[in-house]
Amino acid sequence: TGTQGLAPSGGFDPLEYWVDEAHARGMQLHAWINPYRITKQVNDLASAGLASTNPALGAYAPYVVEHNGSFYYDPGQPAVTELVIQGALEIVNNYDVDGIHLDDYFYPGTDFNDAATFATYGAGYSDIGAWRINNVNNLISQLDSRLHAADPDIRFGVSTTGIWANAKSTPGGSDTRGLEHLNQRYADSVTWVRNGWLDYICPQIYWPRGYELADFNTVFNWWSGICSGTDVKYYVGMADYRAAEAISKGDTASSWYGTTELRAQLDTIKNSAVADGAIHFRYAQMQNSADIRNFYISYYSTPSQTQTPSGSPAENPVTGPDPVTPEEPSTGVITQPEPVPETPSAGSSIFPDIAGNWAESYITALAKDNIISGMEDGTFRPFAPVTRAQFVKLLAGVAGADTNRSAASLGFDDVTDSDWYAGCVAWALSSGVASGTGDATFDPDAVITREQMAKMIMSFASSQGISLPSGSAAIDFADAGSISGWAADYVNSAVKAGIINGSDVKDAEGATVRVFNPSGTATRAEASKVISKVRDASRK
């Protein structure tokens, strides 16, 4: 309504509407909360608010501290901790939200006026800083336990500033020189991650590569080391707003001008064995900048955007991507392009978005032979994922297989004769190329993982009598322990044959290691490469 305290007419509930409409579109909705900050101007608050406009700031006046003209709840007050928790629980208990997301506002500074609170509640702490850190830790740990008690499926995460601490001030800190949320905001995010008090963390790495005070790669790798080996998901907060500002101002000297920096950062995230994705700040700038909007339309392609390995666009009514269901149990999904350089084909590209791509020659060859096709808009989208059904169809096309088969005898609840992929799945199963995922399902619309792709392509080569190079010993991948037992021999053989490669990434110490990323999503570019390699071997 535009007026605080005035509810919409007819009982309309905006949050209920947002949740319903998000879920109808296959999206999650996480409620975003500032835990302690009230407002920059107390006069902006409605009188019915917890910190009201009257001179005494209402009943919560004892819990409110003014800091540099803004108003904050005092984190050292036990009543404030309970207030924030009850506010989050009110949302979770009354709305079908998928997550609670805390922003980076904790203590606003080291000069926060809470000496009286420390005198009352700080017994046992000689250092006010350690007491402040404990207050925030208490909030995070209680939110974790009480939110999950209310809803075991809720996702709880925090978007911190990018720097926990600088190495020069705190042992174990990053090689940076910037604001530290440990020592200046009293947010000990490392403890939260190591204690598993979060489902995910999203550090705001809002700096470009090469920035002297806080280089993106330096900060990214530091956080990779913190999150590696934990159950806490690691999402990178990206500064799309900086690129939008540079573009709107025509600031060509800025590292953020255009989309080069955004692309480089996204590629770093995709090539990581630790990071789980990115969170972009913020949508308005993305939507209002044609350069950024068009870049993301191309970069983030999903199966719902008509991926047709071959045949008509109507063959792929996918509303995904779905969660990966592997041949055998596995966890984790990291979308990762194959980073090994390849020689592009000569001349102009068939698709405008593959020129110079490492897989250009493979994509071009398959497209010319009508094995694979592009999107309705004429692009190929090499980094888009491939579903299990699409990959089986590709293999059937290479084999020239008779796919005029019935799926009735397969025993799968999710494959019927009316499905465009039914004959391909029937052929793949009868040929030993693919198998189900258990529980009478094939999961045709699930994106295929890299280890699944290795198994299918090597099974396909065997079924077709294709002789592949045995090569030397397979590379000792740093994440070899993550490769499922059922997939290990297939991955090993595929790597030896040069069919599929790993990726070079930086570990927590900055050393280069090679990983396979077995549960990462296979892309259209990767699928083109493995299909082409096997097809070429069959012609020899």
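Not measured: the values here are computed from a predicted model.

Caption draft 1: Highlighting the overall build of the protein chain. Summing up its helical and strand segments, the protein chain has 16 helices and 11 strands in all. Looking at the 540 residues of the protein chain, the share that counts as buried comes to 50%. In the protein chain, the proportion of contacts linking residues at least 24 apart, taken out of those at least 6 apart, comes to 71%.

Caption draft 2: Quick look at the sheet that holds strand β5 (residues 99-102). Pairing is parallel in the open sheet, where six strands are placed in the order β1-β5-β6-β7-β8-β9. Pairing within the sheet leaves two strands with one partner each, and these edge strands are β1 (30-33) and β9 (277-280). With respect to the sheet, helix α6 (residues 216-227) is in contact with β7 (200-201) and β8 (233-238), its orientation differing from that of β8 by roughly 160°.

Caption draft 3: Expanded view of the pairing of strand β4 (residues 70-73). Judged by which residues are buried, β4 turns out to be covered on both faces: Ser 70 and Tyr 72 on one side and Phe 71 and Tyr 73 on the other are all buried. Where strand β2 (residues 37-39) and β4 come together, two bridges link them in antiparallel fashion. Looking across to β4, one finds that Thr 39 is bridged to Phe 71. Judged from the four bridges that link them, strand β3 (residues 64-67) and β4 form a sheet pairing that is antiparallel. Within the sheet, the bridge partner assigned to Glu 66 lies in β4 and is Phe 71. Where β3 folds back on β4, the antiparallel hairpin that results is connected by two residues, among which Asn 68 adopts a positive phi of roughly 50°.

Caption draft 4: Broad picture of the nonpolar core. Counting residues in each nonpolar core, the largest one holds 81 residues, and the members touching the most others are Ile 100, Ile 140 and Trp 223. Considering each element in turn, this core owes the most residues, eight residues, to helix α2 (residues 78-94). Ignoring anything within four residues of it in the chain, the contact list for Trp 223 reads Thr 160, Thr 161, Gly 162, Trp 164, His 181, Ser 189, Ile 201, Pro 203, Ile 205 and Tyr 234. Counting 59 residues, the second largest nonpolar core, distinct from the first, contains Ala 367, Ile 372, Ile 457 and Leu 468.

Caption draft 5: Representation of helix α15 (residues 488-496) in the model. Regarding α15, the residues found buried are Val 491, Ala 494 and Val 495. Angular distribution of buried residues about the axis of α15 spans 100°; they occupy a single face of the element. Here the buried face of α15 lies against α14 (450-463). Once α15 finishes, Gly 498 follows within two positions and takes phi at roughly 75°, a positive value.

Caption draft 6: Structural detail: helix α7 (residues 240-249). Those residues of α7 lying buried are Asp 240, Tyr 241, Ala 243, Ala 244, Ala 246 and Ile 247. Against β8, α8 (260-270), β9, α9 (283-288) and α10 (290-299) lie the buried residues of α7. One or two positions beyond α7, positive phi appears at Gly 250, with a value near 65°.

Caption draft 7: The arrangement of the packing of aromatic side chains in detail. Evaluation of the coordinates by the stated rule reveals 24 aromatic pairs. Between Tyr 206 and Tyr 241, the aromatic rings sit 5.6 Å apart at their centres with planes inclined by 75°, giving edge-to-face as the arrangement. In this pair, Tyr 206 sits in the loop between β7 and α6 while Tyr 241 sits in helix α7, placing the two residues 35 residues apart along the sequence. For the pair shown, Tyr 206 and Tyr 241 are each scored as buried.

Caption draft 8: Examining the sheet that holds β4 more closely. Sheet architecture is open: three strands sit in the order β2-β4-β3, paired in antiparallel fashion. Looking at the sheet topology across the chains shown, the edges are occupied by β2 and β3. Here the strands of the sheet are splayed against their neighbours by 35° on average, with no regard to which way each runs.

Caption draft 9: Here's a closer look at the side chain of Gln 204. Tracing the backbone shows Gln 204 in the loop between β7 and α6. Residue classification places Gln 204 among the buried residues on the basis of a relative accessible area of 11%. Here the side chain of Gln 204 touches Ser 159 through a polar contact of 3.0 Å, side chain to side chain. For Gln 204, the contacting residues outside a window of four places in its chain are Asp 103, Asp 104, Ser 159, Thr 160, Thr 161, Gly 162 and Gly 237.

Caption draft 10: Focus on the pattern of salt bridges. Enumeration according to the criterion identifies 10 salt bridges in this entry. Asp 114 serves as the salt-bridge partner of Arg 132, at 2.7 Å between the closest nitrogen and oxygen. Within this pair, whereas Arg 132 is found in helix α4 (residues 128-150), its partner Asp 114 is found in the loop between β5 and α3 (115-121), the two being separated by 18 residues in sequence. For Asp 114, a relative accessible area of 1% corresponds to the buried category. Where Arg 177 meets Glu 212, a salt bridge forms, and the shortest distance between an N and an O atom there is 3.1 Å. A residue pair is termed long-range when its members are at least 10 positions apart, and Arg 177 in the loop between β6 (155-158) and α5 (189-194) and Glu 212 in the loop between β7 and α6 qualify at 35 residues.

Caption draft 11: Highlighting unusual backbone geometry. Arg 282 follows Phe 281 through a cis peptide bond whose omega is 0°. Note that Arg 282 resides in the loop between β9 and α9. Although it is not a glycine, Tyr 186 adopts a positive phi angle of roughly 60°. Note on placement: Tyr 186 falls in the loop between β6 and α5.

Caption draft 12: View of the environment of Tyr 95. Residue placement: Tyr 95 occurs in the loop between α2 and β5. Tyr 95 has contacts with Asp 13, Leu 15, Glu 16 and Glu 90, leaving out every residue within four places of it along the chain.

Caption draft 13: Representation of the confidence of the model for the protein chain in the model. Scored by pLDDT, the protein chain has a mean of 83; 85% of the residues are at 70 or more. Note that pLDDT drops below 50 for residues 50-56; the model gives that stretch 20 contacts with residues more than four away or on any other chain. Below pLDDT 50 for its whole length, residues 303-348 participates in 136 contacts with residues either more than four positions away or in separate chains.

Caption draft 14: Structural detail: the side chain of Arg 132. With a relative accessible area of 2%, Arg 132 lands in the buried category. Among the polar contacts made by the side chain of Arg 132, one reaches the main-chain carbonyl oxygen of Phe 112 at a distance of 3.0 Å. If we skip the residues at most four places from it in the chain, Arg 132 touches Tyr 107, Gly 109, Thr 110, Phe 112, Asp 114 and Tyr 186.

Rules used in this analysis
Residues numbered from 1 in each chain as written. Predicted model: local features only at pLDDT ≥ 70, side-chain atom pairs only at ≥ 80, totals over all residues. Heavy atoms only, no water. Helix = DSSP H or I, 4+ residues; strand = E, 2+ residues; numbered from the N terminus. Buried < 20%, exposed > 50% of the residue type's maximum accessible area, 1.4 Å probe, protein only. Contact = heavy atoms within 4.5 Å. Pairing = 2+ DSSP bridges. Axes fitted to C-alpha atoms, helices over the stretch in contact; angles between N-to-C directions. Core = buried A, V, L, I, M, F, W, Y, C linked by side-chain atoms within 4.5 Å. Arc of directions from axis to C-beta. Phe/Tyr/Trp six-rings, centres within 6.5 Å; stacked < 30°, edge-to-face > 60°. Polar contact = N/O pair within 3.5 Å; in protein donor to acceptor, adjacent residues only side chain to side chain. Salt bridge = Lys/Arg side-chain N within 4 Å of Asp/Glu carboxyl O. pLDDT = per-residue confidence, 0-100.

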